[in-house]
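# Notes for the structure review
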Amino acid sequence: MNAESTSLRDIMVDLKCAADPALAALRDEVRSLCRERFPADIRSKVCLNRHLGKDDHIRWHRILHEAGLFVAHWPRKYGGQGWTRLQRWIFENEIYRAGSPWLVPFGITYLAPVVYTFGNDEQKRRWLGPTAQSEIWWAQGYSEPNAGSDLASVRTRAVRDGDHYVVSGQKTWTTMAQWADMMFTLVRTDDSARPQHGISFLLIDMHSPGVSVRPIETIDGECHINEIFLDEVRVPVENLVGKEGGGWSYAKFLLGNERLLAAEVGKAQRLMGQLDGFMADVLPGGSRLSDDLSWRRRRAELESRIIALESLSYDLLGQAEAGRDPGALASILKIVGSELIQAITATQIDALGKRGLTVSHGMLCGDDAVGDRLPAGGSGAITEYLYDRAATIYGGSSEIQRNILAKAVLGL
Amino acid sequence: MTGAAIFSADERDSFTRSVDRFVEERYDFDRQREIAASADGFGHAEWRNMADLGWMALPLPENAGGLGGGVQETAIVMAGIGRGLLLEPYLATVILAGGLIAACATGPARSDLLSAIAAGEAFWAFADTDGEDPVLASSEGDGWRIGGTKTLVLHGHNADHLIVSASTGDGTGLFMVDATAPRVIRRRFEMVDGRGVAEIGFDAAPAIRLGDGDAGTAIAAVHDRAAVASCAEAVGAMAALNAMTLEYARTRQQFGVAIGSFQALQHKLVDMAVAETEARSVATAAAEALDAGHPLASMVVSAAKIRINRAGRFVGESAIQLHGGIGMTNELPAGHYFKRLLAIGSLFGDCDMHLDRLASAA
């Protein structure tokens, strides 16, 4: 066993890496990268729940790319290292533990696999390189006001007109689209087919005439998401990826690819570190929550849930590595992982009590200049708590995941 | 115990199939009820079968008639025990007593005792929980005598031999006692799941010390292995209980449709499957951590036992609820699985004990 690994949060990765030296080397590489090259100012913003700007994200993405890690999950012929999902999982958990901001997945993890799997050579040439270099900021245009969980009912219409599609409609909940250069969308190209068969996968330039973006302020006071209005936007036909009418199957391919990585163990561990800090604070009267039996148990309960989630992730990833695709069983990771993140942030705000009520107003959408306006002692934990209420809603709500499991795994 | 996993993937699969076959063919619910009602509360013929199948030898050291298997292998047996609600004293004899003897005994006695266990010829129990009078040991000439009471001794009512933990005035020692000796007074009780436990009084009973020095470490280690074994047992029980609840939901008709077509029930059934799946993963992780000798393996054991205790309670209660009225009857297996899960939840560390241990590591 690795002599320096004595933390509770290292046990599972230790056990995994002890049996797999290549994995251990990857973990060590990522750890030293985080120690040496992860910008302290970005880490501090993440750990204090401060607003992160577009530049912060791109700066960190490019450092990871220079180190060969940003798109390492792509196949070698497209500039990646052909990582397995287990390798990607180890990488993500290590950086999130270290305080990395969310690696914005829209370009590198959602769009790129669709392009290199279903796109033509010209599309691969045009989109993959700039995406890896973070020269293009992508948004995901899937949800609509009347197509949330029921995604197959998208109504945004794309009508062929010579060498263009003319696109009209509305997308919503579009994360970070206020910064986007491009948006990959599901659009309806055929009304007569079954709903799933009339959908196409189209790339839209956000700077085109007819595109307007309205940021939506969410309950945490931030602007992560937007409404996109598309008013007769002319999109060149070469921006259609794959076959017309194939969009639904590409979107499903993408979801299947990603579900195994859904459990945010690294983030959970970082949040636990934060909770430990809150519990160690000396309260008026001199007591500390970390000395209180019920608080120690409450915290240990969360710790046991993280270890269980981690072991479950390794099991399902291991099955995938061994060629036995766990299929819909992977929905479990989304359910359990999102509920755990919510439980940890709920525990954080309980630990802070009224100390935690102060929030930083004025972190307005896209306004990176707004700095730290929290009074001393304010942690922003309540902002994270509010934001994480979305974890059980986005990417297929918990109810949808349970429907999937009931049908596909239990056969009900 | 040697403590490393010994099976290849193929051997693991074939051993699992053999355990499954035994449970399926020799231990259906009617037979289980019959054995539960028998005088000893376990099946002697079944016990011999288990020995023939290598279950007893599996975790015992190779130099004493065993196969030297790890916790990961014992877990296969224990999952079968949970799936069929087996009643034989495997945990008490092989994992607890066998584990303590392997860790503490020396000389020819060690291999004699363990060989007898491996052959299925000995019944042991581990008397660890003090009753009203804590058990004290005092040396007398070349030997020892112990006095005091132990309680909740799993299978202690019909074991032939006991290992008793006792205070020596210089720490905790382990002592072997003839359970049938006149100065050993046993009262049988039944746990909620029907398994027998004993309250045992020792009236200056002659005892043979097992090893020397403080036995605290050996006891803690065997408790960890028993906790993980119980986790595997619970996972087996949850799997069986979930399968029967799912089958019931698929077939039970109300309002002209199967009740499993209702979303409220579907989501409950999914949550039960999620609990079982997560429990299986974390139980396996705990077994791997122990077998790998990780310095913090005990913490994974605690994490596993907390999750399994919670999952067992949730799956058990939900299964009764989804079965409705029929779930309340002792005629149906569901309630018996629930009661085994309840018992496991309090044995080898309940949630609070393991939460406190996990909290101490942070």
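Calculation rules
- Residues numbered from 1 in each chain as written.
- Chains lettered and ligands numbered in written order.
- Predicted model: local features only at pLDDT ≥ 70, side-chain atom pairs only at ≥ 80, totals over all residues.
- Helix = DSSP H or I, 4+ residues; strand = E, 2+ residues; numbered from the N terminus.
- Rg over C-alpha atoms; globule rule 2.2 N^0.38 Å.
- Buried ≥ 20, exposed ≤ 12 C-beta atoms within 10 Å, placed from the backbone.
- Contact = placed C-beta atoms within 7 Å.
- Nonpolar A, V, L, I, M, F, W, Y, C, P; charged D, E, K, R; others polar.
- pLDDT = per-residue confidence, 0-100.
- Pairing = 2+ DSSP bridges.
- Axes fitted to C-alpha atoms, helices over the stretch in contact; angles between N-to-C directions.
- Left-handed = near helix turned anticlockwise from the far one by under 90°.
- Parallel < 35°, antiparallel > 145°, perpendicular 65-115°, else oblique.
- Expected span 1.5 Å × (residues − 1).

Let us look at the overall build of chain A. Of the regular secondary structure elements, chain A holds 13 helices and eight strands. For a compact globule of 412 residues, the expected C-alpha radius of gyration is about 22 Å, and chain A comes in at 22 Å, within 12% of that figure. Taken along its principal axes, the extent of the C-alpha atoms in chain A is 75 × 50 × 50 Å. Considering chain A as a whole, with its 412 residues, one finds that 44% of them fall into the buried category.

Turning our attention to the overall build of chain B. The secondary structure content of chain B amounts to eleven helices and nine strands. Its C-alpha radius of gyration of 21 Å places chain B within 12% of the 21 Å reference for a compact globule of 362 residues. With 362 residues in all, chain B has 55% of them scored as buried.

As a further point, take the interface of chain A and chain B. Opposite the 30 residues of chain A that make contact, chain B presents 32 residues. At the level of elements, helix 1 (11-18), helix 10 (293-321), helix 11 (331-352) and helix 13 (398-408) of chain A are the ones that each hand at least two residues to the side of chain A that touches chain B. Here the side of chain A that touches chain B gets twelve residues from one element, more than from any other, and that element is helix 10 of chain A. Classifying every residue of the side of chain A that touches chain B gives 18 nonpolar, three polar and nine charged.

The next point concerns the confidence of the model for chain A. Residue and element names in this part refer to chain A. For chain A, mean pLDDT is 91; residues scoring 70 or higher make up 93% of the total. A low-confidence stretch, residues 1-5 stays under pLDDT 50, and its non-local contacts, those more than four residues away or across chains, total seven contacts. Confidence over residues 362-377 falls short of pLDDT 50; this stretch has 25 contacts with residues more than four positions distant or in other chains.

What follows is about the pairing of strand 7 (residues 225-236) of chain A. Residue and element names in this part refer to chain A. Here strand 3 (residues 164-171) runs beside strand 7; their pairing, made up of seven bridges, is antiparallel. Of the residues in strand 7, the one forming a bridge with valine 167 is valine 233. Both strand 6 (residues 211-216) and strand 7 contribute to a ladder of six bridges, which runs antiparallel. If you follow valine 211 over to strand 7, its bridge partner there is leucine 230.

Attention shifts here to the packing of helix 1 of chain A against helix 8 (residues 263-292) of chain B. For the pair helix 1 of chain A and helix 8 of chain B, the least separation of the axes is 11 Å and the interaxial angle reads 65°. In the packing of helix 1 of chain A onto helix 8 of chain B, the handedness of the crossing is left-handed. Two secondary-structure elements touch here, helix 1 of chain A through Ile11, Met12, Leu15 and Ala18 of chain A and helix 8 of chain B through Ala285, Glu288, Ala289 and Ala292 of chain B.

Looking now at unusual backbone geometry. In this structure, asparagine 49 of chain A is a non-glycine residue whose phi angle is positive, near 55°. Phi is positive for alanine 204 of chain B, close to 50°, though the residue is something other than glycine. When you line up the elements, alanine 204 of chain B lands in strand 7 (residues 196-210).

Another point: the packing of helix 1 (residues 9-26) of chain B against helix 4 (residues 71-83) of chain B. All names here are of chain B. For the pair helix 1 and helix 4, interaxial distance at closest approach is 9 Å and the crossing angle is 25°. Taken together, helix 1 and helix 4 sit at an angle that is classed as roughly parallel. Considering only the axes of helix 1 and helix 4, their crossing is right-handed. For the pair formed by helix 1 and helix 4, the contact residues are Phe15, Thr16, Val19, Asp20, Phe22 and Val23 on the first element and Ile76, Val77, Gly80 and Arg83 on the second.

Another point: helix 9 (residues 265-280) of chain A. Helical geometry note: an α-helix holds 3.6 residues per turn, so side chains three or four residues apart project in the same direction. Residues and elements named next belong to chain A. With 16 residues, helix 9 should cover 22 Å at 1.5 Å per step; its first-to-last C-alpha distance of 22 Å lies within 8% of that length. Counted residue by residue, helix 9 has twelve buried out of 16 residues, so it is predominantly covered. The inward-facing, buried residues of helix 9 contact helix 3 (40-47), helix 5 (85-97), helix 10, helix 11 and helix 12 (381-387).

Attention shifts here to the confidence of the model for chain B. On average, residues of chain B carry a pLDDT of 96, and 99% of them reach 70 or more. Across the assembled chains, the prediction reports ipTM 0.94 with pTM 0.94.

Turning our eyes to something else, we now look at the environment of glycine 53 of chain A. All names here are of chain A. Relative to the assigned elements, glycine 53 resides in the loop between helix 3 and helix 4 (54-66). Taking the C-beta count within 10 Å as the criterion, glycine 53 has 16 such neighbours and is therefore assigned partly exposed. Between the alpha carbons of glycine 53 and alanine 158 there is a distance of 33 Å; along the sequence they are 105 residues apart.

Further remarks concern the environment of serine 318 of chain B. All names here are of chain B. The topology assignment puts serine 318 in helix 9 (residues 297-323). Taking the C-alpha atoms as reference points, serine 318 and leucine 265, separated by 53 residues in sequence, lie 10 Å from one another. Not counting residues within four places of it along the chain, the set of residues in contact with serine 318 comprises Lys268 and Met272.

Attention shifts here to the pairing of strand 2 (residues 136-140) of chain B. Residues and elements named next belong to chain B. In this structure, strand 2 lies alongside strand 3 (residues 143-154), joined through five bridges in antiparallel fashion. Of the residues in strand 3, the one forming a bridge with serine 138 is arginine 145. The antiparallel pairing of strand 2 with strand 3 creates a hairpin that spans two residues between the two strands, and glycine 141 there sits at a positive phi of about 60°.

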